[in-house]
Amino acid sequence: MEQSESHLFSPLRIRGVVFRNRIAVSPMCQYSSDDGFANDWHLVHLGSRAVGGAALVMVEASAVEARGRITPGDHGIWKDEHIGPLARIVDFMRGQGAVAGIQLAHAGRKASTHVPWEKGGAFLPENEGGWRPVAPSPLPFRDTDAPPLALSKSEISGIVEAFAAAARRALTAGFQAIEIHGAHGYLINEFLSPLSNHRSDEYGGSFENRTRFAIEVTEAIRGVWPGSLPLFIRISASDWVEGGWTIDDSVKLVRLLQPLGVDLVDCSSGGLVPHAKIQPAPGYQVPFAERIRRETGALTGAVGMITEPRQADGIIREGRADIVLLAREFLRDPYFPLHAAGELGAEAAPPVQYKRAF
Ligand SMILES: Cc1cc2nc3c(=O)[nH]c(=O)nc-3n(C[C@H](O)[C@H](O)[C@H](O)COP(=O)(O)O)c2cc1C
């Protein structure tokens, strides 16, 4: 394995943005918005993690149109009114030395469900406040869901435009990084995978056709997102299902996205179909980040059951990824980076108000 000079607390520069270390808060839906608006919950939740020393705090999957929400409580960025409350949060996070990022998303056929803590996140029918999801093909995620409406070509163009409009709003709000949500069985992933995309037009069939939507979204966002600011994409590097999207496909996709200005590939997996056989274990998705990094030269992010400072540091030192993204560990410990610095003998940089504790 490659040994590099980099470690968990080395800064990383991407385009004009410097990340103070390699630790990112992975995007995490809070299902706590009303009509897509960020509120005090988001300020405290995201703000605490910026105070805790994360280099990058990524705002949760943010719907680029209302029907692209997973639940009615999802955060969104589909109208200009969403900008104001976000700008306040971004301002705070940046004031704490974190890079403020936002994940732009469309849930596709996995839209219109209850929040996870109600009815187990079951499908939310139209007569109970839900809506009809849209997808590449009229194939439901679960047999119990209403089949989604297949998108027409003009509707696809409309969604591409919605991603660009959302990116413009993110810029106005002061965000410094965007992550395209191309993972977990949501709309972009649904176009990529042959299991959910049965179209016979230029958006389905061949690899070239199935990747067209992801490419158009990337181009549209890069068209409005300044060259000085980083663009990430999260992918499901594998569907973990026979006949589905594979890590080989991911490598090919990344090679198409690099010239379009994607800077970092956040390597997750799964979520496309409920019956995938996944055996999560510490660092189980790191090999995806490692392979994509090695074979494409793209910067990568590793995510999934990364919970220990030494484990995280090893991933960076061994050149397996350029950043690590932590989700649940950050829910347990908003100050993970400060604690990790202590454990690894790196210099922790707590806010002045907290200096006496670290
Ligand atoms: C509460 C919660 C909400 C999540 N929401 C999102 C999301 O908005 N976007 C996304 O790409 N992944 C989401 N995820 C997945 C995480 O970002 C992460 O990839 C996954 O939890 C594995 O990392 P971990 O083992 O550190 O938790 C969510 C995970 C959790 C626990």
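Quick notes on the rules
- Residues numbered from 1 in each chain as written.
- Predicted model: local features only at pLDDT ≥ 70, side-chain atom pairs only at ≥ 80, totals over all residues.
- Heavy atoms only, no water.
- Buried < 20%, exposed > 50% of the residue type's maximum accessible area, 1.4 Å probe, protein only.
- Helix = DSSP H or I, 4+ residues; strand = E, 2+ residues; numbered from the N terminus.
- Pairing = 2+ DSSP bridges.
- Right-handed = clockwise from strand over helix to strand, strands pointing away.
- Phe/Tyr/Trp six-rings, centres within 6.5 Å; stacked < 30°, edge-to-face > 60°.
- Near = heavy atom within 4 Å.
- Polar contact = N/O pair within 3.5 Å; in protein donor to acceptor, adjacent residues only side chain to side chain.
- Areas by Shrake-Rupley, 256 points an atom, 1.4 Å probe, with all protein chains shown as cover.
- Nonpolar A, V, L, I, M, F, W, Y, C, P; charged D, E, K, R; others polar.
- Contact = heavy atoms within 4.5 Å.
- Core = buried A, V, L, I, M, F, W, Y, C linked by side-chain atoms within 4.5 Å.
- Axes fitted to C-alpha atoms, helices over the stretch in contact; angles between N-to-C directions.
- Parallel < 35°, antiparallel > 145°, perpendicular 65-115°, else oblique.
- Left-handed = near helix turned anticlockwise from the far one by under 90°.

Moving on, we get to the pairing of strand 11 (residues 299-303). In summary, the side chains of a regular strand alternate between the two faces of the sheet. Burial analysis of strand 11 places four of its five residues in the buried class, which makes it a mostly covered element. In this structure, strand 10 (residues 264-268) lies alongside strand 11, joined through four bridges in parallel fashion. In the strand pairing of strand 11, Leu264 is matched with Leu299. Following the chain from strand 10 across helix 8 (residues 286-296) to the adjacent parallel strand 11, one finds a crossover that is right-handed. Strand direction decides the pairing type here: strand 11 and strand 12 (residues 323-326), joined by three bridges, are parallel. Within the sheet, the bridge partner assigned to Val303 lies in strand 12 and is Leu325. Each parallel crossover has a hand, and for strand 11 linked through helix 9 (residues 309-317) to strand 12 it is right-handed.

With that settled, consider the packing of aromatic side chains. Inspection of every chain in the model, using the stated rule, returns eight aromatic pairs. Aromatic side chains Phe330 and Phe336 sit 6.1 Å apart centroid to centroid with 65° between the ring planes, which places their arrangement in the edge-to-face category. The same class applies to Phe330 as to Phe336, namely buried. Consider the rings of Tyr335 and Tyr354, whose centres lie 6.2 Å apart with planes at 85°: the pair is edge-to-face. Of this pair, Tyr335 sits in the loop between helix 10 (328-332) and helix 11 (336-344) while Tyr354 sits in the segment after helix 11, placing them 19 residues apart in sequence. Its relative accessible area of 26% is what places Tyr335 among the partly exposed residues.

Here we take up the site of the ligand. Neighbouring residues of the ligand: 15 residues in total, closest Ser26, Cys29, Gln103, Met305 and Arg328. In this structure, Pro27 approaches the ligand through a main-chain N or O atom, which is 2.9 Å from an oxygen atom. Alone, the ligand offers 600 Å² of accessible surface; in the complex the protein occludes 80% of this. Here the shell around the ligand is composed, by residue class, of eight nonpolar, five polar and two charged.

Right, let's get into the side chain of Ser268. Among the secondary structure elements, Ser268 is positioned in strand 10. Apart from the residues lying within four places of it in its own chain, the contact partners of Ser268 are His184, Arg234, Ile235, Ser236, Ala237, Gln285, Phe288 and Val303.

This part takes up the nonpolar core. Counting 98 residues, the largest nonpolar core has Leu104, Phe175, Phe213 and Ile221 as its most contacted members. For this core, the element with the most residues is helix 3 (residues 153-173), which contributes 10 residues.

As a further point, take helix 8. Since the α-helix advances by 3.6 residues per turn, residues separated by three or four positions end up pointing in the same direction. Taken residue by residue, helix 8 has Val286, Phe288, Ala289, Glu290, Ile292, Arg293 and Thr296 as its buried positions. The inward-facing, buried residues of helix 8 abut strand 9 (231-236), helix 7 (247-257), strand 10, strand 11 and helix 9. In the segment just after helix 8, Gly297 is the residue with positive phi, at about 80°.

Once that is clear, we can look at the packing of helix 1 (residues 40-51) against helix 2 (residues 83-95). Relative orientation and spacing of two packed helices are given, respectively, by the angle between their axes and the distance between those axes. Close contact between helix 1 and helix 2 brings their axes to 9 Å; oriented N to C, the two are set at 15°. Comparing the axis directions of helix 1 and helix 2 gives the class roughly parallel. The two elements helix 1 and helix 2 meet at a crossing, and its hand is right-handed. Two secondary-structure elements touch here, helix 1 through Asp40, His42, Leu43, Leu46, Gly47, Ala50 and Val51 and helix 2 through Arg88, Ile89, Phe92 and Met93. Tallied by class, the residues present in the contact of helix 1 with helix 2 amount to seven nonpolar, two polar and two charged.

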